[in-house]
Amino acid sequence: MPDSTKSAKLTIDGDSYELPMFSPTAGPDVIDIRKLYAQAGVFTYDPGYTSTASCDSTITFIDGDKGELLHRGYPIDQLAEKSHYLEVCYLLLYGELPSAAQLEDFENRVTMHTMLHEQMQNFFRGFRRDAHPMAIMVGVVGAMSAFYHDSTDISDPWQREVASIRLIAKMPTIAAWAYKYSIGQPFVYPRNDLDYASNFLRMCFAVPAEEYQVNPILSRAMDRIFTLHADHEQNASTSTVRLASSSGANPFACIAAGIACLWGPAHGGANQACLEMLKQIGEVENIPDYIERAKDKNDPFRLMGFGHRVYKNFDPRAKVMKQSADEVLELLGVENNKILQVAKELERIALSDDYFAEKKLFPNVDFYSGIILEAMGFPTSMFTPIFAVSRTVGWISQWKEMIADPQMKIGRPRQLYLGATERDYVDIENR
């Protein structure tokens, strides 16, 4: 924590309290209230923690007004255009872009850990066939601590490193196997001669009956989806991982907690909600009616995949994702897919309609990633698991940063209690 050079004055019932203020390298100043309860006997009230900095971090910075997302200072659009997912993983984990030798070593370490313990197949087969892939992922990732005892001691930096590599490497295998299990197909093992994204696609779509060749355009699009969702500052799932970690829980349990939080439709289900909206519209000729409904404040219908709660101007990830979406649709076509036809026409109208421009309701990363995943053949139930694969490195980077922080203490939010005050117990006969 930097030294305080400014302060804020808080007056309560005539008594004044001096509160230190800290200035970040980017973003708004923060007021340090850690001693407020001890000094003044009051709590602050901030449901959702929307005005509270829960930690200091050097990993990711977002400026929603400017449409800016930086990983270790590098703009996300530059990383997505010029880099690839595992290089971004290295950047998030270690703070700097790797040299060629460092990247080769890192990629090799990840590749050597992609296989799952063979007994873990029994976990998948214990679920019902119609289990949601996210339910399977929560269970299997949490169970990893029962198999990898040599990487659960969070006080050991080397064990933290091993756990980090294992989670990044095995998450695509877990997600792909969850998908294979849900559709009744045999598990496909990872191959060491394929890159990260290609390996994932092969594990999802290959079958023993024939050889599967990964199309490089699809692999690149998949890699960009991973890259553009790698980390997003202190969001709900990242804060969940940090809160679970603050108790000293093992890394696999903490990441499983993050997956459980991501499963919520208000967080990880945005691209799934977008596809469900496109299915609701159904036909291209229905779009004008739904556009008018979206403009009507009294109509409950909302255009999903347009605008962003954080980015008030534009989503910096959307430009790169649009490029990949165009490439994928050109390769696979939209002629036989009404959902994709609706998506393309809706995008065209939204980008040319003054209403959307004035409201800054531009297509966001979830709109384009949903289109890509639909075109590739993924069911909507797999959209959030793919998000979890992408975000694993962000969760781990935040977890490692927190564990190494000397200021770390167990999370213990306060409350504004509005229940009954102390009452005397009344025997049941007298009630």
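Our subject in this report is the structure included herewith. (Residues numbered from 1 in each chain as written. Predicted model: local features only at pLDDT ≥ 70, side-chain atom pairs only at ≥ 80, totals over all residues. Heavy atoms only, no water.)

### Regarding helix α14 (residues 318-332)
Inclusion rule: Note on conventions: DSSP H or I runs of at least 4 residues are helices, E runs of at least 2 residues are strands, and numbering of each starts at the N terminus. By definition here, a helix of n residues has an expected span of 1.5 Å times n minus one. Each residue is placed in one exposure class: buried if its accessible area under a 1.4 Å probe, protein chains only, is under 20% of its type's maximum, exposed if it is over 50%, and partly exposed if it falls in between. The arc in question is the one spanned by the directions pointing from the helix axis to the C-beta atoms.
Spanning 15 residues, α14 covers 20 Å between terminal C-alpha atoms, matching the ideal 21 Å at 1.5 Å per step. Within the span of α14, buried status applies to A318, V320, M321, S324, A325, V328 and L329. Buried positions in α14, seen along its axis, are confined to an arc of 165° and lie on one side of it. In α14, the exposed residues that point more than 90 degrees away from the buried face are K319 and E330.

### Comments concerning the pattern of salt bridges
Pairing is possible between side chains that carry opposite charge, provided their charged atoms lie close to one another. Inclusion rule: By salt bridge we mean one thing: a side-chain nitrogen of Lys or Arg within 4 Å of a carboxyl oxygen of Asp or Glu.
Across all of its chains, the model carries 20 salt bridges by this definition. A salt bridge links R109 to E161; the nearest nitrogen and oxygen atoms lie 2.9 Å apart. Linking R109 in helix α4 (residues 100-111) with E161 in helix α7 (residues 157-182), this pair joins segments that are 52 residues apart in sequence. Residue classification places R109 among the partly exposed residues on the basis of a relative accessible area of 24%. Beyond isolated ion pairs, a larger network of salt bridges with shared partners links D105, R109, E161 and K400.

### Focus: the sheet that holds strand β4 (residues 60-63)
To keep things clear, this is the line we draw: Following DSSP output, two strands are said to pair if at least two bridges run between them.
A sheet is described by the order of its strands in space; here 3 strands give the open sequence β4-β5-β6, paired in antiparallel fashion. The open sheet terminates on both sides in strands that have one partner only, identified here as β4 and β6 (74-75). Bridging between β4 and strand β5 (residues 68-71) involves 4 bridges; their strand directions are antiparallel. Residue pairing in the sheet places F61 in a bridge with L70 of β5.

### So, a nonpolar patch on the surface
Selection rule: A residue counts toward a patch only above 30% relative accessible area and without a salt bridge, and it is joined to like-charged neighbours within 9 Å or, for Val, Leu, Ile, Met, Phe, Trp and Tyr, to nonpolar neighbours within 5 Å. Shrake-Rupley sampling with a 1.4 Å probe provides the accessible areas, and residues are treated as covered by the protein chains on show and by no other component.
Together, Y45, L416 and L418 make up a nonpolar patch on the protein surface, roughly 410 Å² of accessible area in all. Relative to the elements of secondary structure, Y45 occurs in the loop between α1 (36-40) and β4. Residue class for Y45 comes out exposed when judged on its relative accessible area of 61%.

### A short note on helix α18 (residues 383-403)
Basically, it comes down to this: The bend reported for a residue corresponds to the angle between axes fitted to the seven residues ending at that residue and the seven starting there.
Over its 21 residues, α18 extends 30 Å from the first C-alpha to the last, a length consistent with the 30 Å expected when each residue adds 1.5 Å. At R391, α18 is bent by approximately 40°, the largest bend along its length. A large share of α18 lies buried, amounting to 21 of its 21 residues.

### Here's the deal with the sheet that holds strand β3 (residues 30-31)
Read across the open sheet, the 3 strands follow the order β1-β2-β3; overall the sheet is antiparallel. Lying at the two open borders of the sheet, with one neighbouring strand each, are β1 (6-12) and β3. Relative to strand β2 (residues 15-22), β1 runs antiparallel, the two being bridged by 7 bridges. Among the inter-strand pairings, S7 is bridged to a residue of β2, identified as P20.

### Overview of the packing of helix α10 (residues 236-245) against α18
The following threshold applies: Lines are fitted to the C-alpha atoms to define the axes, a helix being fitted only along its stretch in contact, and any angle between axes, read from their N-to-C directions, falls within 0 to 180 degrees. Each angle is binned into one of four classes, with values under 35 degrees roughly parallel, values over 145 roughly antiparallel, values of 65 to 115 roughly perpendicular, and all other values oblique. In this scheme the handedness of a crossing depends on how the near helix is turned from the far one: anticlockwise by less than a right angle means left-handed, clockwise means right-handed. Contacts: residue pairs with any heavy atoms within 4.5 Å of one another.
Their axes nearest at 9 Å, the elements α10 and α18 cross at an angle of 40°. As judged from the angle between their axes, α10 and α18 are oblique. Crossing geometry of α10 relative to α18 is assigned as right-handed. Residue-level contacts link S237, T238, V241, R242 and S245 of α10 to R391, W395, Q398, W399, E401, M402 and I403 of α18.

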